[in-house]
Amino acid sequence: MDVVERSKNINRDQRLVVFSESKETAEYLEGELRKKGFTRIVTVDSSTREERMPIVRANFDANIPLVEQKSECNILISTEVLAEGINLNRSNIVVNYDTPWNSTKLMQRIGRVNRIGSVAGTIYVYNFFPTARVENDIELHKISIMKLQAFHSALGEDSQIYSMDEEPGTFGLFDRSVEEEERDERLVYLMKLRKFREDNPELFKTYKNMPLRARAGRKNKVLKDTTISFIRNKKRDAFYFCKQDGTLDELTFVEAVKQFEAKVDEKALPLHDHHHDHVRSAVESFGKKIMEESALRKKVDPTQGPNEKKALAYLDAFVNLQIASNEEKARIALAKQAIKLGTYQNLQRDINKLQRSAKSAPVKHVVLLEKIMKILNSYPLHTLEETPETKMVVSQQNDPGFIPEIIISESYSI
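Residues numbered from 1 in each chain as written. Predicted model: local features only at pLDDT ≥ 70, side-chain atom pairs only at ≥ 80, totals over all residues. Heavy atoms only, no water.

Our next topic: the environment of A335. Within the element layout of this structure, A335 appears in helix 12 (residues 326–341). Relative accessible area serves as the criterion here: at 0%, A335 is assigned to the buried category. On a C-alpha basis, the gap between A335 and N377 in space is 9.7 Å, while along the polypeptide they are 42 residues apart. When sequence neighbours within four positions are dropped, the list of residues in contact with A335 reads L315, L347, L376 and L381. (Helix = DSSP H or I, 4+ residues; strand = E, 2+ residues; numbered from the N terminus. Buried < 20%, exposed > 50% of the residue type's maximum accessible area, 1.4 Å probe, protein only. Contact = heavy atoms within 4.5 Å.)

Moving on, we come to the sheet that holds strand 7 (residues 226–232). Pairing within the open sheet is mixed, and its five strands lie in the order 6-10-7-8-9. Both edges of this open sheet fall to strand 6 (214–219) and strand 9 (248–251), since each of them pairs with a single strand only. Each adjacent strand pair in this sheet contributes to an overall mean axis angle of 20 degrees, direction not counted. Where strand 7 meets strand 10 (residues 405–413), seven bridges bridge the pair, whose relative direction is antiparallel. Across the sheet, residue F230 finds its bridge partner in strand 10, namely I408. Contacting strand 6, strand 7, strand 8 (237–242), strand 9 and strand 10, helix 9 (residues 253–260) crosses the sheet at an angle of about 55 degrees to strand 10. (Pairing = 2+ DSSP bridges. Axes fitted to C-alpha atoms, helices over the stretch in contact; angles between N-to-C directions.)

This brings us to the environment of T227. Note on placement: T227 falls in strand 7. Each residue touching T227, except ones within four places of it in the same chain, is listed here: Y240, F241, C242, H272, H275, H278, V279, E410 and S411. A polar side-chain atom of T227 sits 3.3 Å from a polar atom in the side chain of H272. In this structure the side chain of T227 is engaged in a polar contact, spanning 2.9 Å, whose partner is the side chain of H278. (Polar contact = N/O pair within 3.5 Å; in protein donor to acceptor, adjacent residues only side chain to side chain.)

With that settled, the discussion passes to the sheet that holds strand 2 (residues 41–44). With respect to topology, five strands assemble into an open sheet ordered 2-3-1-4-5, the strand pairing being parallel. Two strands close off the open sheet at either side, each with one partner strand: strand 2 and strand 5 (124–127). Taken pair by pair, the neighbouring strands of this sheet meet at an average axis angle of 15 degrees, ignoring direction. Where strand 1 (residues 16–19) meets strand 3 (residues 75–78), four bridges bridge the pair, whose relative direction is parallel. Looking across to strand 3, one finds that L16 is bridged to I75. Against the sheet, helix 3 (residues 49–60) engages strand 1, strand 2 and strand 3, with an angle of about 135 degrees to strand 2.

A surface patch of nonpolar side chains, amounting to about 280 Å² of accessible area, comprises L203, Y207 and M210. Position of L203 relative to the elements: it lies in helix 8 (residues 201–208). (Patch = residues over 30% accessible without salt bridge, like charges linked within 9 Å, V, L, I, M, F, W, Y side chains within 5 Å. Areas by Shrake-Rupley, 256 points an atom, 1.4 Å probe, with all protein chains shown as cover. Salt bridge = Lys/Arg side-chain N within 4 Å of Asp/Glu carboxyl O.)

Shape descriptors only; they carry no functional weight alone.
Structure representation (structure tokens):
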């Protein structure tokens, strides 16, 4: 079996995702790869993310429609800017050219290819480590594995992330030799959960199978008449702290778990009168946050790519023509909205095609206006008369993954 065949056995779709900590390193890697004859490369950092996202999605996102998928690029080099919130699952290989200190970042990187819809059954992760001399000084490998192993042990994960050496154990998590800033309170609680699971397997399973919307009243003079709720859906999760005056704060995992922590013999209290109002307020805030985040993801910056920008500018020129009627101007406005939202992939292409042909064979404005309206009339732009926000609400409310689930809530009384 030759090298190409072996490569296809591992990486069926022949796509590679490389992460680096810095823009300069990413650019260096692209340059070196091009010297070796690799040309189908896209490099992304914070300054180019908006512009190159359509290319990234078209070439690396397995969840977009097949008709929109392309094979123009097969190597993606990125900084941390693509480590969250994007599917790169047409690839199943991640190369960490710079291995981050923060193991959570590493898992987020891997999560870009280890997604629903992935084209492969196995994810391969390759990590570049410091030289032995540097490792002795900074202990990157040791500290990173220590943190990851705590996640494995607490949550029962069995996937090796950094190396084949990972196995159950604390890796000196609580050794005094580890500097204080390297201790992560989250891991302390995760290790407590692991120990509880080992010591009380039946009770752990009972708690794990608790129904949704579990709630409890507890005694706490400091937190009197407040409520903490844990809410999630497929897109995010959050701990909400509703104060006496009804205002809300989002808590971190550590902040919330410190309040949820209880003694075995603690007795439950009745819920205070505002408990359900507090939880309802948290759910509403959660839903609003999801909509805002979705709006940011769905909004397309007109400067994100030269094709969109060119098409929008060309349409603007027709709006300024005195011969254009109000109806035609309204139609053009809807077309601009469709391009900004990315509603019709071919719309900008048809407009730019007309623009190119007009340059090669000059045509009078009135004729061009007729041609542009013919293009626009071939698309159902009237459906865009609803606001994007309204359409988004309807779409998401019909999506089971959008509906918030109340996992657990606690109210505090004297």
